[in-house]
Amino acid sequence: MITVDHISKRYGPVEALKDVSISVPRGELFGLIGPDGAGKTTLFRMVVTLLLADSGTITFDGHDVVSDYRHVRRNVGYMPGTFSLYQDLSVRENLEFFASVFQTTVKKNYDLIADIYGMLEPFADRRAGALSGGMKQKLALCCALIHKPLVLVLDEPTTGVDAVSRREFWEMLKKLKAQGITILVSTPYMDEAALCDRIGLLQDGKLLRSGSPQDITANFDRPLYAAICKEPYPLLLALRKLPELDSVFPFGTALHITAKEQLDLPALHKELARQGFSDVELQPIEPGVEDLFMHLMQ
Amino acid sequence: MRTVLVLLRKEFLQIFRNKAMLPIIFVAPLAQLLILVHAADFEVRNVRLLVSDMDRSTASRALAERFNASDRFHVSFTAQGFDAGMHALDAGATDALLRIPVHFEQDLGRKGSAPLMLDLNGVDGQYASLVLLYSRQIIANEQVHVIQRMHGSANVPRPPVEVIPRYWYNLRMNYKNLMVPGLLVVLVTLVGMFLSSMNIVREKEIGTIEQINVAPIKKWQFILGKLLPFWFISLFLLAAGLVLGKLIFDIPIEGSVPLLFAFAAVYLWVMLGLGLFISTVSDTQQQSMFLSWFFLVIFILLSGLFTPIDNMPHWAQVITWFNPVSYFVDVVRLVLLKGSSFTDIAGHFAAIAAFAVAVNAGAVLNYRKRA
């Protein structure tokens, strides 16, 4: 559905994208994962015909996005990073406006947004500016969907939204995917990676890995352990001094430890107790996307 | 066309819903018209004139009395000599000092001439020259009377050349007749340029322009949808201002009102196009405000509204050839005061139409949906 082929883009001295290639088949939910400034927005803006690449090509539904931008604009639903709604128009007016600029009506494609819009309907006459963050996000999604696009491009849709709304949002994406819409989504949250069919890890404009979350974590060939104790920070400093460990990162309340090879846990316990860390719990764990990301970033 | 209508509907919804901007758009310009007309009144009244009369003769007193009789001067006297008079001028206690030396009457009778001295506060040059002009008229009148008194009225020599002025198209030199039409131009220009430039930038600021750019809307549709509302509003304001001007200031409307509106319709595309151009080069409303302000100050000061273009140095006059506001100020006065017809202002029309095409072409080319 979307093929990104050796795309590069420079802003002055900054290389925003370096030779990125991605292929997203029809009906897939593809997640672009990466920290702020990785180049996610740049890539998405190229896909939706707002930005020209320095080199490389992008095809959208078999059409080149540069020469055949009209086809893209008719068939893409784009939700930019900041929810772009008219704050002074009501929920209904926003939706109707976006429907009519795409030469359609709310009625015609109502079935597509019925689920999401159903939650907004009680507030149909409220100004968009007076909605909560989660509501705004739902309205923005409705506006991007109202012309029944082949592809949805969502730039960090869950940034700045509460945890419950985030979960709801991913549920909605799953339903849309079931209706055959190809979805391209970016997020800085690693935990959302597991919800995608396939992901691409982007860092400093370079695509580090791409594949299904399982394939990507299966790639992680180092033994991984979690350490829990009352005072993680002194422990982190102590662990980083040990030569047999590759890396130690804080992960919520725990520390994730990547070792060069399988660790002798009782020996490590003993060593830590000798340094005064008596309450440390150590256990082997399965790697997640974030573990791999931290590993690749080094 | 349907797309343009959709955009127009949305713009008007937003304009009429903006409780902060609505009064600024509709009330402020008309209030400005009512206030500024008085502020820009160039007639000088109530000049404080201090007379230092060292002669204390019939002639000197008669002269001072003549100043006093004029409604332009408030006369007060000092008996302490010229130095005290100058101190009063320095201290700002008076606007002008008339020095009448001793032997004024004597010299006038014997030699037929006598010197007078008028000290003026030259800080405001325009003010000072008007005061001088009025003073000369009063003194010249008094001169005739003095000669009559001394030699009898039959012996008053006629001046060799006498100029009798007649101010055509503005018989009483009423400044309001000059200012109201000019201010109409200013308020129409302000609304057209400021609002159009800020409006598109606002879409950039809130990010909605991204979605519009992705939508299958053509450039001209978007721009038309953005500019037309302010075109309508500006023309409406021109009509409202004209009605107010007629009702309150009784300005003359000699020429054809449809002709004036036809010119305004073309002229507005120049200012709207400039607003559009500014919005394409600005990223925030502040930037666009400052840019608009920069252009407007130059345009208005070089428009001939407050100071006649003929009085400007040649290089400044050249600049006014490229100032759309000066054409409109000219046309408004020509049509309203002089009753000029289309053929009289055809040159203005051609120039402003050329500006409209050039400015809009530049703005449209500069506006890109894709970076």
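None of these values were measured; they are calculated from a predicted model.

Turning next to the overall build of chain A. Within chain A, the secondary structure is distributed over 10 helices and 14 strands. In chain A, of all internal contacts separated by at least 6 residues, the share reaching a separation of at least 24 is 69%.

Right, let's talk about the sheet that holds strand 12 (residues 245-251) of chain A for a bit. Residue and element names in this part refer to chain A. With respect to topology, 4 strands assemble into an open sheet ordered 12-13-11-14, the strand pairing being antiparallel. Each edge of the open sheet carries a strand with a single partner, namely strand 12 and strand 14 (281-284). Sheet twist, expressed as the average angle between the axes of neighbouring strands with direction ignored, equals 25 degrees. Note that strand 12 and strand 13 (residues 254-259) share 6 bridges and pair antiparallel. Directly across from Val248, in strand 13, lies its bridge partner Ile257. Strands strand 11 (224-228) and strand 14 of the sheet are contacted by helix 9 (residues 265-274), whose axis makes an angle of about 155 degrees with strand 14.

This next bit is on the sheet that holds strand 2 (residues 14-24) of chain A. Residues and elements named next belong to chain A. Strands sit in the order 2-1-4-5 across an open sheet of 4 strands; the sheet is antiparallel. Only two strands of the sheet have a single partner each, and these edge strands are strand 2 and strand 5 (63-64). Bridge analysis of strand 4 (residues 55-60) against strand 5 gives 2 bridges, and the strand direction is antiparallel. Bridge assignment links Thr59 to a residue of strand 5, and that residue is Asp64.

All names here are of chain B. Here helix 13 (residues 324-338) spans 20 Å end to end across 15 residues, near enough to the 21 Å set by a 1.5 Å rise per residue. For helix 13, the set of buried residues is Pro324, Val325, Ser326, Tyr327, Phe328, Val329, Val331, Val332, Arg333, Val335, Leu336 and Leu337. Buried residues in helix 13 make contact with helix 7 (175-206), helix 9 (219-249), helix 10 (257-281), helix 11 (285-301), helix 12 (314-321) and helix 14 (346-366). One side-chain oxygen of the residue at the start of helix 13 lies 3.0 Å from the amide nitrogen of Val325, identifying that residue as Asn323. Downstream of helix 13 by one or two residues, Gly339 has phi in the positive range, about 75 degrees.

Residues and elements named next belong to chain A. The interhelical angle for the contact between helix 3 (residues 91-101) and helix 4 (residues 110-120), taken along N-to-C directions, is 150 degrees, at an axis separation of 11 Å. By the angle class used here, helix 3 and helix 4 are roughly antiparallel. The way helix 3 lies across helix 4 gives a crossing that is right-handed. The residues of helix 4 that touch helix 3, namely those facing Val91, Arg92 and Leu95, are Ile113, Tyr117 and Leu120.

Let us look at the packing of helix 7 of chain B against helix 13 of chain B. Residue and element names in this part refer to chain B. At their nearest, the axes of helix 7 and helix 13 sit 9 Å apart, and the two run at 140 degrees to each other. If you check the angle between helix 7 and helix 13, you find them oblique. Both helix 7 and helix 13 take part in a crossing whose hand is right-handed. Residues Asn177, Leu178, Pro181, Val185 and Thr189 of helix 7 touch helix 13, and the partners they reach there are Val325, Phe328, Val329, Val332, Arg333, Leu336 and Leu337. Its residues assigned to classes, the contact of helix 7 with helix 13 comprises 9 nonpolar, 2 polar and 1 charged.

Moving on: the nonpolar core. Of all hydrophobic cores here, the largest spans 126 residues; its most connected members are Leu141, Leu145, Leu152, Leu154, Leu176 and Ile183 of chain A together with Phe328 of chain B. If you tally residues by element for this core, the top one is helix 7 of chain B, at 14 residues. Apart from the residues within four sequence positions on either side, Leu176 of chain A is in contact with Leu112, Leu141, Leu145, Leu152, Ile181 and Ile183 of chain A. Grouped together as the second largest cluster of nonpolar side chains are 29 residues, Phe30, Leu32, Leu50 and Val151 of chain A included.

Glancing now at the interface of chain B and chain A. Counting from both sides, the interface comprises 26 residues of chain B and, opposite them, 31 residues of chain A. Summed over both sides, the interface between chain B and chain A buries roughly 2700 Å², with carbon and sulfur atoms accounting for 57% of that surface. Taken together, the connections running from chain B to chain A amount to 3 salt bridges. Applying the counting criterion to the chain B and chain A interface returns 9 residue pairs in polar contact (both at pLDDT 80 or more). Looking at the side of chain B that touches chain A, the elements with two or more residues in it are helix 1 (2-17), helix 7 and helix 8 (208-214) of chain B. A per-element tally of the side of chain B that touches chain A places helix 1 of chain B first, with 9 residues. Residues belonging to the side of chain B that touches chain A are distributed by class as follows: 10 nonpolar, 6 polar and 10 charged.

On to the side chain of Lys9 of chain A, then. Residue and element names in this part refer to chain A. Within the secondary structure layout, Lys9 lies in strand 1 (residues 2-11). The exposure class assigned to Lys9 is buried, which follows from its relative accessible area of 11%. The residues touching Lys9, leaving out its near neighbours within four places in the chain, are Val14, Glu15, Ala16, Leu17, Thr42, Met46, Leu51, Leu52, Ala53 and Asp54.

Our focus in this paragraph is the pattern of salt bridges. All told, the structure shown has 24 salt bridges over all chains when counted by the stated rule. Here Arg26 of chain A and Asp61 of chain A are joined by a salt bridge, their closest N and O atoms 3.2 Å apart. Of this pair, Arg26 of chain A sits in the loop between strand 2 and strand 3 (29-33) while Asp61 of chain A sits in the loop between strand 4 and strand 5; the two residues are 35 residues apart in sequence, bridging distant segments of the chain. Residue Arg26 of chain A is classed as exposed on the basis of its relative accessible area, which comes to 54%. Asp95 of chain B is the partner of Arg48 of chain B in a salt bridge, and the nearest nitrogen-oxygen pair spans 3.0 Å. Residue Arg48 of chain B is found in strand 1 (residues 47-53), and its partner Asp95 of chain B is found in the loop between helix 4 (82-90) and strand 3 (96-100); the two are separated by 47 residues along the sequence. Classification of Asp95 of chain B as buried rests on a relative accessible area of 13%. The network of salt bridges with shared partners includes Lys10, Glu11, Glu203 and Lys226 of chain B.

Turning to the confidence of the model for chain A, a few remarks are in order. Atom-level detail of predicted coordinates should not be read off regions where pLDDT is low. Looking at chain A as a whole, the pLDDT averages 88, with 100% of positions reaching at least 70. Of all helices and strands in chain A, the one with the weakest mean pLDDT is helix 10 (residues 289-297) of chain A (79), whereas strand 7 (residues 151-154) of chain A scores best (94).

Okay, the pairing of strand 7 of chain A next. Residues and elements named next belong to chain A. Residues of strand 7 alternate between two faces, with Val151 and Val153 on one and Leu152 and Leu154 on the opposite face, all of them buried. Pairing of strand 6 (residues 76-79) with strand 7 involves 4 bridges; the strand directions are parallel. Bridge pairing in strand 7 links Val76 to Val151. Crossover connection from strand 7 via helix 6 (residues 163-178) to parallel strand 8 (residues 182-187): handedness right-handed.

This next bit is on a nonpolar patch on the surface. Residues and elements named next belong to chain B. A grouping of Leu34, Ile35, Val243, Leu247 and Ile248 is seen on the molecular surface, where their side chains present a nonpolar patch of about 490 Å² in accessible area. Contributions of two or more residues to the nonpolar patch are made by helix 2 (21-39) and helix 9. Here Ile248 lies in helix 9. Taking the relative accessible area as the measure of exposure, Ile248 reaches 48% and is therefore partly exposed.

Rules behind the numbers
- Residues numbered from 1 in each chain as written.
- Chains lettered and ligands numbered in written order.
- Predicted model: local features only at pLDDT ≥ 70, side-chain atom pairs only at ≥ 80, totals over all residues.
- Heavy atoms only, no water.
- Helix = DSSP H or I, 4+ residues; strand = E, 2+ residues; numbered from the N terminus.
- Contact = heavy atoms within 4.5 Å.
- Pairing = 2+ DSSP bridges.
- Axes fitted to C-alpha atoms, helices over the stretch in contact; angles between N-to-C directions.
- Expected span 1.5 Å × (residues − 1).
- Buried < 20%, exposed > 50% of the residue type's maximum accessible area, 1.4 Å probe, protein only.
- Polar contact = N/O pair within 3.5 Å; in protein donor to acceptor, adjacent residues only side chain to side chain.
- Parallel < 35°, antiparallel > 145°, perpendicular 65-115°, else oblique.
- Left-handed = near helix turned anticlockwise from the far one by under 90°.
- Nonpolar A, V, L, I, M, F, W, Y, C, P; charged D, E, K, R; others polar.
- Core = buried A, V, L, I, M, F, W, Y, C linked by side-chain atoms within 4.5 Å.
- Buried area = accessible area lost by both parts, 1.4 Å probe.
- Salt bridge = Lys/Arg side-chain N within 4 Å of Asp/Glu carboxyl O.
- pLDDT = per-residue confidence, 0-100.
- Right-handed = clockwise from strand over helix to strand, strands pointing away.
- Patch = residues over 30% accessible without salt bridge, like charges linked within 9 Å, V, L, I, M, F, W, Y side chains within 5 Å.
- Areas by Shrake-Rupley, 256 points an atom, 1.4 Å probe, with all protein chains shown as cover.

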